[in-house]
Amino acid sequence: MNRFGKLAIAVLLGSTALSVTARADRYDDSHRAIKHVLLISVDGMHELDLQRYVKGHPTSTFAKLLRHGVHYTNAHTSRPSDSFPGLLAFMTGASPKTHGVFYDDTYDHTLFPPGSNCQGQPGTEATYFEALDYDLTKLDGGGPAGSDHINPANLPIRKVGSSCQVVFPHQYLKNDTATIMEVIHAAGMRTAWSDKHPAYEIISGPSGKGLDELYAPEINSTSVLATAPQLIPTPQPSDDWTVNPVYTRFYDNLKVTAVLNWIKGLDHTGTTTVGVPAIFGMNFQAVSVGEKVTADGYTDAVGTPSAQLELSLDFVDSSLGQMLAQLDAQHLTENTLVVVGAKHGQSPIDVSQLHMLKGSTNPRLLPGQADVVDPVDLLSAGGITVAQETADDVSLIWLADQSQAKKAGTILENDKALLNQARIEKIYAGDKLEDTFGDPAAGRTPDIIIQPLHGTIYSKSAAKVAEHGGFTDDDTHVLLVVARAGLEGAVVDDHVENKQVAPTILRALGLDADKLNGARAEHTVALPGFDR
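Thresholds, definitions, all that
- Residues numbered from 1 in each chain as written.
- Predicted model: local features only at pLDDT ≥ 70, side-chain atom pairs only at ≥ 80, totals over all residues.
- Heavy atoms only, no water.
- Salt bridge = Lys/Arg side-chain N within 4 Å of Asp/Glu carboxyl O.
- Helix = DSSP H or I, 4+ residues; strand = E, 2+ residues; numbered from the N terminus.
- Buried < 20%, exposed > 50% of the residue type's maximum accessible area, 1.4 Å probe, protein only.
- Disulfide = S-S within 2.5 Å.
- Pairing = 2+ DSSP bridges.
- Axes fitted to C-alpha atoms, helices over the stretch in contact; angles between N-to-C directions.
- Contact = heavy atoms within 4.5 Å.
- Patch = residues over 30% accessible without salt bridge, like charges linked within 9 Å, V, L, I, M, F, W, Y side chains within 5 Å.
- Areas by Shrake-Rupley, 256 points an atom, 1.4 Å probe, with all protein chains shown as cover.
- Lys, Arg positive; Asp, Glu negative; His and termini not counted.
- Charge placed at Lys NZ, Arg CZ, Asp CG, Glu CD.
- 1 Å grid on protein atoms, 1.4 Å probe; cavity = no way out; pocket = protein on both sides within 12 Å on 5 of 7 lines; lining within 4 Å.
- Points joined across faces, edges and corners; volume = space filled by probe spheres on them.
- Nonpolar A, V, L, I, M, F, W, Y, C, P; charged D, E, K, R; others polar.

### Structural notes on the pattern of salt bridges
- Tallied over the entire structure, the rule returns 9 salt bridges.
- Where D43 meets K343, a salt bridge forms, and the shortest distance between an N and an O atom there is 3.4 Å. With D43 in the loop between β1 (36–42) and α3 (47–56) and K343 in the loop between β11 (336–341) and β12 (356–357), the pair connects residues that are 300 residues apart, well separated along the chain. Each of the two residues, D43 as well as K343, counts as buried.

### A word on the state of the cysteines
- All told, the structure shown has 1 disulfide when counted by the stated rule.
- The disulfide bridge from C118 ends at C164, spanning 1.9 Å between sulfur atoms. Between C118 and C164, the S-S torsion sits near 85 degrees, and that sign places the bridge as right-handed. Within this pair, whereas C118 is found in the loop between β4 (105–108) and β5 (124–127), its partner C164 is found in strand β7 (residues 163–166), the two being separated by 46 residues in sequence.

### Some words on the sheet that holds strand β14 (residues 386–391)
- Taken together, the 4 strands give an open sheet; going across it, the order is β14-β15-β17-β16, and neighbouring strands pair in antiparallel fashion. What marks the edges here is a single partner per strand, and that holds for β14 and β16 (424–428). Each adjacent strand pair in this sheet contributes to an overall mean axis angle of 20 degrees, direction not counted.
- The sheet contact formed by β16 and strand β17 (residues 448–452) spans 4 bridges and is antiparallel.

### Let's talk about the environment of S223
- The topology assignment puts S223 in the loop between β9 (213–215) and α8 (224–227).
- For the pair S223 and L136, spaced 87 residues apart in the sequence, the C-alpha separation amounts to 7.9 Å.
- Here S223 is in contact with T137, K138, L139, D239 and W241, once residues within four sequence places are set aside.

### A few points about a positive patch on the surface
- Together, R79, K416, K426 and K432 make up a positively charged patch on the protein surface.
- Within the secondary structure, R79 is located in the loop between β3 (75–76) and α5 (83–92).
- Given a relative accessible area of 35%, R79 falls into the partly exposed group.

### Quick word on the layout of surface pockets
- The space that makes up the largest pocket amounts to roughly 800 Å³.
- Lining the largest pocket are 33 residues, and of these N220, T242, K292, K464 and E467 sit closest to its centre.
- At the level of elements, α10 (286–292) and β14 are the ones that each hand at least two residues to the lining of the largest pocket.
- The leading source of residues in the lining of the largest pocket is α10, at 3 residues.
- Classifying every residue of the lining of the largest pocket gives 11 nonpolar, 12 polar and 10 charged.
- Its boundaries defined by the atoms lining it, the second largest pocket holds a volume of some 380 Å³.
- As for the second largest pocket, its lining consists of 18 residues, and the residues nearest its centre are S147, D148, H149, L214 and Y215.
- Split by residue class, the lining of the second largest pocket holds 7 nonpolar, 6 polar and 5 charged.

### Quick notes on the sheet that holds strand β18 (residues 477–478)
- The strand order across the open sheet built from 3 strands is β18-β3-β21, with neighbouring strands paired in mixed fashion. Looking at the sheet topology across the chains shown, the edges are occupied by β18 and β21 (496–497).
- Direction of pairing for β3 relative to β21: parallel, over a ladder of 2 bridges. Counterpart to A75 in the pairing with β21 is V496.

### Examining the environment of H331
- Mapped onto the elements, H331 comes out in the loop between α11 (307–329) and β11.
- You can call H331 exposed: its relative accessible area is 69%.
- Sequence separation of H331 and I263 is 68 residues, and the distance between their C-alpha atoms is 10.0 Å.

Structural data, given as structure tokens:
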């Protein structure tokens, strides 16, 4: 056990043998050698999935990471557990209350619609997903050569003095919330990331300068047939990369190749030498898609994966093995910290608990479980106009007239107490909402957030049996492992949050975690074992 391993174990076990000063000294001694951090999000992967997989595959890459890592068995995502705030937890150390990003599809009462020239009343949908791209038939999202593939004509706009300016994703962060990418880039170190939409340039931070390289092939592009016609089943012209886990694994492998090139000191194309980034990584989509699509998902209440979901887990494990092998080939193993977590889980694991909107013909719904009324329908019937609802297994509601918030809350509370047609478990409104998520009067926070009963999805889709975004354990209780060569495996059962990864990464690289102003505002500390 090296000095870092001793420190980690001592802290994790609550040892009093080391003074605070000694712990800090040992932390500093052991972390000077860390020059790189590989951050991986296996979107959708629960802690349950990790434990089941390692039990069945004791020689797997996941098992190897646990033997040389700190395993946080009670790690939780952001709330809402959408991909955008999920990644921002890792990147900012903060929650939507501070950075203001609740979902990749939200509403802002202070912004103006695309193309409006800031005319008329403010208030618009802010779409920071595939809807921003130039051309969804193109894998890269289209646009001029060398562009960021985001069409400015699709962006919301804001008034700045007498001018009207588009709001790029990184400019949507509130309170100038810094990202680890900004802090690391500003320290003269290289940064790189790969994700599913060009809109993920949001992690470059308010300055827009935090990312040296973003590789973001568009997962919702209808480019499967043009890119990989050899896949089986044969792609249809309208298929995107989420239609079948087979397609998603091919798509994810494009990003794996980018990461392998970064480890070699090349750009994502493998053609230009740029140096190994100090922080780099990617998200995997294959597990998330394998959990969601109707034909696959889980087969029982204890989380036994379908054949396609198992193949996706195998694919991720093999890909992580390739990354570790390449780190070793480049003599980077000793000075690289590896963090593997998940932006979000997926719910419900037990498909028998699935309830969907009335009218759904999903073939895996049990009889009588297409029984849910959309909360917006209840509000509309009560004379409330909704500006926007963003709904998966959570409902975020922005009202056209915010003065109606109290009336809207009463309508929903009455339904919950009587028929509960919307299958509501908890309503966040008024002071409870403001305390947890911020003040809707500022324009960004939803006026009402509904957490439905477990298993409820506000959708009629026949194509999926699970979603994320909500606050239940299936959505939020995810894997988290922090590993390094020479570190002996340890287990932390205490509740931790993904946002603690952000200051952990900066401390590991010898940088000042206090530069994360969002983390500082929320008193976010580094993960146990890495917090001294």
